[in-house]
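Residue-level structure breakdown
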Amino acid sequence: MLKNNIKLIGYLIRQKKDAILQTKMITVANGHRIIPLTVHVADTPKKRDKGLMFVENLPENEGMLFVFSAKTYGGFWMKNTLIPLSIAFLDSNGKILKILDMVPCKGNFCPTYDPELYYHYAIEVNLGWYKRNQIKEGDFVMFV
């Protein structure tokens, strides 16, 4: 009985740890200036799958950093995402390869926002954040 309880407690601790998002400060450089951005790190399949689902408000200079262990190909969707977002796809050096705008989707049939290229990271922010900060494809993100 004690052995089963220990296994259960270990399992519950691992589940809670997997659900906790690490916060990290990064910077985005547009050539003229450097913009700080606080991101929640989604670095496991479970965290990446949840993303910003059900988030009702995202502060202006915050976002979510999706980290993949290797180059990946494919898009993001906005199922159960309540706020409009912009997403930047980055290579392993932090170079922004593509920026897309995405709209919320509460239904079962949501469009996929596919950059149609390989990437290593993706960063979601409030819709228009990249444009407001004059960030474009070819600019760089620095992981401080």
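It should be noted that the structure appears before, not after, this text.
Below you will find a few notes about this structure.

Now for the nonpolar core. In this structure, F66, F76, L85, I87, F89 and M102 are the most contacted members of the largest nonpolar core, which totals 19 residues. Looking at this core, the elements with two or more residues in it are β3 (62-73), β5 (85-90), β6 (96-102) and β8 (118-126). Ignoring sequence-local partners within four residues, the contact set of M102 consists of F76, M78, P84, L85, I87, Y113, E124 and L127. Counting 17 residues, the second-largest nonpolar core is a separate cluster that includes A88, Y121, Y130 and I135.

Taken as a whole and assessed by the stated rule, the structure comprises eight aromatic pairs. With a centroid separation of 5.7 Å and 85° between ring planes, the pair formed by F68 and Y119 is classed as edge-to-face. Here F68 is found in strand β3, whereas its partner Y119 is found in strand β8, with 51 residues between them in sequence. Residue class for Y119 comes out buried when judged on its relative accessible area of 3%. Plain terms: the ring middles of F76 and Y119 are 6.5 Å apart, the flat faces sit at 45° to each other, and that makes the pair tilted. Separated by 43 residues along the polypeptide, F76 in strand β4 (residues 76-77) and Y119 in strand β8 bring together distant segments of the chain. There is no split in this pair, since F76 and Y119 are both buried. Aromatic ring contacts, followed pair by pair, group F66, F68, F76, F89 and Y119 into a single cluster.

Let us now look at the environment of M53. For M53, the location among the structural elements is in the loop between α2 (45-50) and β3. As a C-alpha pair, M53 and I83 span 30 residues in sequence and 8.9 Å in three-dimensional space. Setting aside chain neighbours within four positions, we find M53 in contact with K79, N80 and T81.

The subject of this paragraph is the environment of A42. Along the polypeptide, A42 turns up in strand β2 (residues 34-42). Separated by 81 residues in sequence, A42 and I123 place their C-alpha atoms 9.9 Å apart. Filtering out sequence-adjacent residues up to four positions away, A42 remains in contact with L21, K47, R48, M64, L65, F66 and V67.

Another aspect to go through is the pairing of β3. Judged from the five bridges that link them, β2 and β3 form a sheet pairing that is parallel. For H40, the partnering residue across the bridge sits in β3 and is M64. Sheet topology places β3 next to β8; seven bridges connect them, and they run antiparallel. Each residue of the ladder has a partner; that of M64, found in β8, is E124.

Reading the values: the criteria
- Residues numbered from 1 in each chain as written.
- Predicted model: local features only at pLDDT ≥ 70, side-chain atom pairs only at ≥ 80, totals over all residues.
- Heavy atoms only, no water.
- Core = buried A, V, L, I, M, F, W, Y, C linked by side-chain atoms within 4.5 Å.
- Buried < 20%, exposed > 50% of the residue type's maximum accessible area, 1.4 Å probe, protein only.
- Helix = DSSP H or I, 4+ residues; strand = E, 2+ residues; numbered from the N terminus.
- Contact = heavy atoms within 4.5 Å.
- Phe/Tyr/Trp six-rings, centres within 6.5 Å; stacked < 30°, edge-to-face > 60°.
- Pairing = 2+ DSSP bridges.

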